[in-house]
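The chain contents come next:
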Amino acid sequence: MPVQQPQSAEIGHQMKMSSEEPPSGKQTCRSQSNCWLLQRRQLDSITTVLAEMIATAMLMFLGCMGSVENSVFTNSDFQSALNFGFVVLICIQCFGCVCGAHLNPAVTLATYVYNMISLPMALAYFVAQMVGAFIGYGLLKAVLPESAIYSAENPNGVCLTSLNSTLTPWQGLAVEFLITCVLISVCCGVWDPRNATKQDSLPVRFGLAIACLSLTAGQLTGASMNPVRSFAPAIWNGFWDDHWIYWVGPMAAALITSVIYKHAFRRELEESEVDETTMSTKRTSEAELA
Amino acid sequence: MSQQKQKSQESNPNARWRLEGHQRSAIACFFGELAATAVFVFIACMGCVETPLFQNSHFRSGLTFGLAILIAIQCFGSVSGAHLNPAITLAAWLYGAIGWIRAIAYFVAQAAGALIGYGLLVAVLPGNSIKGVDNPSGVCVTILAPGISVLQGVFIEFLITCCLVMVACSVWDPRNAKLQDSVPVRFGLTVSCLILTAGLFTGASMNPTRSLGPAVWNDSWAHHWIYWVGPLVAGAVTSLIYRMAFKGDEEIDLRTSDAKIRMIGEVIVQ
């Protein structure tokens, strides 16, 4: 309450200022200001969606290039999994402050559930991610030789997510669901108001989290956690076996995890916590003096 | 007259001190950039050495490269910004982060640093570690893989350097002004990723001077031009696009969660 009062006071002050202006000047300033704000906001929205598209294209291009494996280009599951985590680091670093760098419809859905994004914007993000992934994988096919895209190790195309032959589809679904639950939990932890001031190493945290999940489940299901990440290689290569589990698993996990986290774990920042932060600072300074 | 003389004498020391301070800072930037590039090339290229006696792998050398970047940025990031790369310097100039005189000085420092760094490597390792069966062109020389055409190579270098420059631009973005602690880690892992991604195809140079050092010392110039054209064009194009389309206006205040509340409010209003 005390924190909110100053804001309301400021608003009242601004209203008074505007009412004091002459009528003609008042109208002119208001209309110009509104027009400018509206245009700026629209432009920002377009830029945001464009950034999300480019970020997803980067994810597909770099991530899948790092998965290329044939007789000439050596690779390993460990290397490609770690590489995917680092790719996410790059994308979040580049566009985290522009559009949040979701890269993933599951994350976008969780953001919507968390009330951090509007429905139209969420849908725009989804389209941008689909288009971006498609472009990214297409770019990869354009710059690499055929033997790098299709090889003995990847007969259906590089970076295709497919089930390990020992898993049943339902087991694959469970794996995708559970690892995406972990991913969404990381996202919700980042968005929690108590972490609002702890954003510095966000790209590193996300990147290493993705690397861990990729290393964990990469050999079982490809560790997609992301419908568009599986959709782009599938559409470019015409390979759709068990494709549905890469949509159902992640999206269900995003919905369930974000709802649970929002109602069970999320907390607003309280005045006492702010005081505690100040107190700890004071104690530190006192210790230094002593 | 005597008073005037005293005044002029008093003002002289201050002026000298200020000028010296400014000059000292500029000189520190130049030599910081030179030392940073030398450290980077030396450590990174040593991590690429592969002979029947010293075993290595693409994964290990890729990771080493990124961690070498981390070291260089951690040591000299606050001195000169630790660009290490003419493409980054070009991007910084076009982004408006530095002036053109300083950009040229950085370029000279980077070229000199790369030559010195690789020279140190040649001096401290046996001859067959630099050139041998595993490295006919010389260790750490960037070459096109068989199956990759020259045009594809240029394109790959261009695209991965675009990603690197985008990381740099986002670090310079005003909205990230307060998020600087882990920049060395972020950059280091970024470079590791890009080398793990494209290292087998083109060597993933992303850096003209990094390719210049090994090329000069080993006299290996095959397709050397693509490691200048790709990265520099990417540096120019990406920084201009980022500046026009994505650059933020103001620093986001993170002291309280009000910033987030405001963002949510704005989104809802939309």
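Reading the values: rules and limits
Residues numbered from 1 in each chain as written. Chains lettered and ligands numbered in written order. Predicted model: local features only at pLDDT ≥ 70, side-chain atom pairs only at ≥ 80, totals over all residues. Heavy atoms only, no water. Helix = DSSP H or I, 4+ residues; strand = E, 2+ residues; numbered from the N terminus. Buried < 20%, exposed > 50% of the residue type's maximum accessible area, 1.4 Å probe, protein only. Contact = heavy atoms within 4.5 Å. Areas by Shrake-Rupley, 256 points an atom, 1.4 Å probe, with all protein chains shown as cover. Buried area = accessible area lost by both parts, 1.4 Å probe. Salt bridge = Lys/Arg side-chain N within 4 Å of Asp/Glu carboxyl O. Polar contact = N/O pair within 3.5 Å; in protein donor to acceptor, adjacent residues only side chain to side chain. UniProt positions renumbered as here; feature names shortened; annotations may be inferred. Core = buried A, V, L, I, M, F, W, Y, C linked by side-chain atoms within 4.5 Å. Axes fitted to C-alpha atoms, helices over the stretch in contact; angles between N-to-C directions. Parallel < 35°, antiparallel > 145°, perpendicular 65-115°, else oblique. Disulfide = S-S within 2.5 Å.

Caption draft 1: Structural view of the overall build of chain B. Each helix and strand in chain B was counted, giving ten helices and zero strands. From first element to last, N terminus to C terminus, chain B shows the α and β order α-α-α-α-α-α-α-α-α-α. Out of the 270 residues in chain B, the part that is buried amounts to 51%. Pairs at least 24 residues apart make up 76% of the contacts formed inside chain B by residues separated by at least 6 positions. Accessible surface computed for chain B: about 12800 Å², of which carbon and sulfur atoms make up 64%.

Caption draft 2: Up close: the interface of chain A and chain B. Facing the 51 residues of chain A at the interface are 51 residues of chain B. When the two sides are added together, the surface that chain A and chain B hide from each other amounts to roughly 4300 Å², 70% of it contributed by carbon and sulfur. At the surface where chain A touches chain B, the tally comes to one salt bridge. The salt bridge involving Arg186(B) is made with Asp200(A); its shortest N-O contact spans 3.2 Å. There are eleven residue pairs in polar contact (both at pLDDT 80 or more) connecting chain A and chain B. When residues of the side of chain A that touches chain B are traced back to their parent elements, those giving at least two are helix H2 (23-65), helix H3 (77-99), helix H5 (119-143), helix H7 (169-191) and helix H8 (202-221) of chain A.

Caption draft 3: Inspection of the UniProt feature "transmembrane region" (unreviewed entry) in chain B at higher detail. Residue and element names in this part refer to chain B. According to UniProt, the positions carrying the feature "transmembrane region" (unreviewed entry) are residues 26-49, 61-82, 103-123, 143-171, 183-205 and 225-245. Taken end to end, residues 61-82 comprises 91% helix and 0% strand; its first and last C-alpha atoms sit 21 Å apart. Between the C-alpha atoms that bound residues 143-171 there is a distance of 30 Å. The span itself is 76% helix and 0% strand.

Caption draft 4: Quick look at the UniProt feature "transmembrane region" (unreviewed entry) in chain A. All names here are of chain A. Those places that UniProt annotates as "transmembrane region" (unreviewed entry) correspond, in this numbering, to residues 49-68, 80-101, 113-140, 170-191, 203-224 and 244-261. For the annotated span residues 80-101, helix accounts for 91% and strand for 0% of the residues, and the straight-line distance between the end C-alpha atoms is 21 Å. Between the end C-alpha atoms of residues 170-191 there is a gap of 31 Å, over a span that is 100% helix and 0% strand.

Caption draft 5: Quick peek at the nonpolar core. If you look at the biggest cluster of nonpolar residues, it comprises 125 residues, and the most contacted ones within it are Phe95(A) and Leu144(A). Sequence-distant contacts of Phe95(A), defined by excluding residues within four places in its chain, comprise Ala51(A), Ile54(A), Ala55(A), Met58(A), Gly100(A), Ala101(A), Met166(B) and Phe246(B).

Caption draft 6: Main features of the packing of helix H3 (residues 86-95) of chain B against helix H4 (residues 100-124) of chain B. Residues and elements named next belong to chain B. Here H3 crosses H4 at 175°, and the two axes come no closer than 10 Å. Relative to H4, the element H3 lies roughly antiparallel. Residues Pro 86, Thr 89 and Trp 93 of H3 form the contact with H4, whose own contacting residues are Trp 100, Ala 103, Tyr 106, Phe 107 and Gln 110.

Caption draft 7: Just the state of the cysteines, in detail. Residues and elements named next belong to chain A. The final tally for this structure, using the stated rule, is one disulfide over all chains. In this model, Cys 64 is linked to Cys 159 through a disulfide, with the two sulfur atoms separated by 2.5 Å. For the disulfide bridge between Cys 64 and Cys 159, the dihedral angle about the S-S bond is near -75°, and by the sign convention the bridge is left-handed. You can see Cys 64 sitting in helix H2 and its partner Cys 159 sitting in the loop between helix H6 (146-149) and H7, a full 95 residues away along the chain. The exposure classification of Cys 64 matches that of Cys 159, with both residues buried. Free cysteine: Cys 94, not disulfide-bonded; nearest cysteine sulfur from Cys 91 at 6.8 Å. Note on Cys 94: relative accessible area 0%, which makes it buried.

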